[in-house]
Amino acid sequence: MKYIRSINWLSERLNDSNVCIVDCRFNLADTAAGEKEYGKAHIPGAFYAHLDRDLSGEKNIHGGRHPLPDLEAFRKTAESYGITDETIVIAYDNGDAMFAGRFWWLLSYIGHSHVYILDGGFAEWEKQGLPVSTEVPVPKEGCLSMNVRHDWLVSIEEVKRAALEKDGTVLIDSRAPERYAGKVEPLDRVAGHIPTAVNFFFQEGLRHSFWKSAEEQKARFKQLDPSQPVIVYCGSGVSATPNIIALKQADFAHVRLYAGSYSDWSSYEELPVEKEKQ
C-alpha cells in the first residue's frame, strides 16, 4: 500500500537515522489526553505532534474548528523533528488514522514525498509487545523544501460550485452516517450535510485499525467514477484525510480536501444544508 507501512517494517528500522517517527495521538473530547499518553509510553524515538498546537491554526468565525496551520510554522515544526527532503516519516495514532492522517496530509501538501501512516497504530504496536519509551527526543535541525501542492486543497468557492451549481465534482462527506443524515449534531450550528454530498464514513476504510486493500477500497467507491474530480470533507478537515488516502489507493486521480469542512460550511447562515429524508 503506497501510503502505509507495517509494524514489522518499522520495528526493523527503529535505529535507522533516516526514519523519523511522529506520534499524533489525540482525543477530541480531552485535548490533553494524547500528549499524556505519549508521556507514559510511545514508540522509541517518536516526536509528538499536537493536533491543536502543531497541526492546526488559529480559529476564527469562519474557517472551521481545525483550520490549517501557517505553513511556514508547520515546516519549522517538522524540521524540529529532524525531517529533511529525504527523510522517511512514519506517523501514527491509536489506530483510527485520522490524526496521523492529518499529519500525513500536511507534510504531503507542502511537498514531502516520503511520509506514511503506521498500519494498526500504537495500540497494535503495544499489543505485539514491541518496545516503548518515555524518553522525549531532543529537537533536531532538519531542512525541508516548500513545494506546496495547491491542487490538494479547495476553497469554499469551489465547494459552492460543486454543491450549488453541480459542476460535476463529487462531494464526499466522511462523517458518521447519523451526522451526515442530520439526526445528531454535537458540534456544529446546524445538523445535516453539504448539498449533493454522498456519505462514505472514513472508518469503513479500515478493519480493526488495519487498512483495507486497494481492491477493497475500489469496492467501497464502486458507485463513483475514478476520473471525476472529488472533494472530501468531514467535520473539521481531520477525519477526511483517511478517506483521501483510501481514494488514492483506489486510483482516484483528482482528490482534494475541503479543510474547513462542515464546521466551516455551517458557520455561514446563508449556505444551505441537506438532511437525509426520513
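Within any chain, residue numbers begin from 1 and follow the written order of that chain's sequence. In keeping with the predicted nature of the model, local features appear solely for residues at pLDDT of at least 70, side-chain atom pairs appear and are counted solely at 80 or more, and the whole-chain, interface and lining totals rest on all residues. Only hydrogens and water are set aside when side-chain values are computed; all heavy atoms of the structure are taken into account.

Draft legend 1. Seen up close, the overall build of the protein. Counting its secondary structure elements, the protein contains 11 helices and 11 strands. Here the radius of gyration uses the C-alpha set of atoms, whereas the globule reference equals 2.2 Å times the residue count to the power 0.38. Expected size for 278 residues packed as a compact globule is a radius of gyration near 19 Å; at 18 Å, the protein falls within 12% of this value. Taken along its principal axes, the extent of the C-alpha atoms in the protein is 55 × 40 × 35 Å. In the protein, buried positions account for 54% of the 278 residues. In this description, contact between two residues means that some pair of their heavy atoms is separated by no more than 4.5 Å. Across the protein, the fraction of contacts at a sequence separation of at least 24, relative to all contacts at a separation of at least 6, is 77%. Segments assigned H or I by DSSP are reported as helices when at least four residues long, segments assigned E as strands when at least two residues long, and all are numbered from the N terminus. Three exposure classes are used, based on accessible area relative to the maximum for each residue type with a 1.4 Å probe and protein chains only: buried under 20%, partly exposed in between, and exposed over 50%.

Draft legend 2. Representation of the pattern of salt bridges in the model. What counts as a salt bridge is simple: a side-chain nitrogen of Lys or Arg found within 4 Å of a carboxyl oxygen of Asp or Glu. A full pass over the atoms with the stated rule returns 15 salt bridges. Note that E12 is salt-bridged to R13, the shortest N-O span being 3.8 Å. The partner of R25 in a salt bridge is D23, with the nearest N and O atoms 2.7 Å apart. The exposure class assigned to D23 is buried, which follows from its relative accessible area of 0%. What emerges from the salt-bridge pattern is a single network uniting R65, D173, R175, R179, E185 and D188.

Draft legend 3. Focus on the side chain of T87. Among the structural elements, T87 can be located in the loop between α4 (71–80) and β4 (88–92). Judged by its relative accessible area of 4%, T87 is buried. Within the structure, T87 has its side chain in polar contact with the backbone nitrogen of T84 (distance 2.8 Å). For T87, the residues in contact, after removing those within four places along its chain, are N18, V19, C20, G82, H112 and H114. Polar contacts here mean pairs of N or O atoms no more than 3.5 Å apart (in protein, one a potential hydrogen donor and the other a potential acceptor; neighbouring residues in sequence count only if both atoms are side-chain atoms).

Draft legend 4. Layout of the sheet that holds strand β2 (residues 19–23). Spatially, 5 strands are ordered β1-β5-β4-β2-β3 in an open sheet, and the strand pairing comes out parallel. Two strands in the sheet have a free side with no partner beyond their single neighbour: β1 (4–5) and β3 (47–48). As defined by bridge partners, β2 adjoins β4 across 5 bridges and the pair is classed as parallel. Paired with I21 across the strands is I90, a residue of β4. Structural elements are reduced to axes, namely lines fitted to C-alpha atoms, with helices fitted over the stretch in contact, and the angle between N-to-C directions of any two is expressed from 0 to 180 degrees. Against the sheet, helix α5 (residues 98–109) touches β2, β4 and β5 (115–118), its axis set at about 175° to β5. Note: two strands are recorded as paired if DSSP finds a minimum of 2 bridges between them.

Draft legend 5. Local environment of helix α7 (residues 156–164). Those residues of α7 that sit buried are I156, V159, A162 and A163. Down the axis of α7, the buried set is contained in an arc of 115°. They therefore lie on one face. Summarising the contacts, the buried residues of α7 are in contact with β6 (170–173), β10 (230–233) and α11 (261–265). Phi turns positive, to about 50°, at K166, one or two residues after α7. Regarding the arc, it is the one traced by the directions from the helix axis to the C-beta atoms.

Draft legend 6. Geometry of the packing of aromatic side chains. Only the six-membered ring of Trp is used, alongside the rings of Phe and Tyr, when aromatic pairs are assigned; centres must lie within 6.5 Å, and planes under 30 degrees apart are stacked while those over 60 apart are edge-to-face, with the rest tilted. Under the defined criterion, the tally for this structure stands at 12 aromatic pairs. Here Y38 and Y48 contribute two aromatic rings whose centre-to-centre distance is 5.3 Å and whose plane-to-plane angle is 40°, an arrangement assigned as tilted. Remark: Y48 occurs in strand β3 and Y38 occurs in helix α2 (residues 33–40); sequence separation between them is 10 residues. For the pair Y38 and Y48, one class covers both residues: buried. Aromatic side chains W105 and W152 sit 6.4 Å apart centroid to centroid with 50° between the ring planes, which places their arrangement in the tilted category. You can see W105 sitting in helix α5 and its partner W152 sitting in the loop between α6 (121–127) and α7, a full 47 residues away along the chain. Judged by its relative accessible area of 1%, W105 falls in the buried class. Owing to a relative accessible area of 9%, W152 belongs among the buried residues under this scheme. Through pairs of rings, three or more aromatic residues link up here, namely Y3, W104, W105, Y109 and W152. Throughout this description, the term charge over a ring refers to an Arg CZ or Lys NZ atom that lies within 6 Å of the ring centre and within 35 degrees of the ring normal. Against the face of W9 rests R5, its NZ or CZ located 5.7 Å from the ring centre. The aromatic ring of Y262 is capped on one face by R175, whose charged end is 4.2 Å from the ring centroid.

Draft legend 7. Broad picture of the sheet that holds strand β7 (residues 198–199). With parallel pairing, the 4 strands of this open sheet are ordered in space as β7-β6-β10-β11. Of all the strands in the sheet, just β7 and β11 (255–257) have a single pairing partner and so form its edges. As paired elements, β10 and β11 share 3 bridges and run parallel to each other. Of the residues in β11, the one forming a bridge with I231 is R256. Relative to the sheet, helix α10 (residues 240–249) contacts β6, β10 and β11, its axis offset from that of β10 by approximately 150°.

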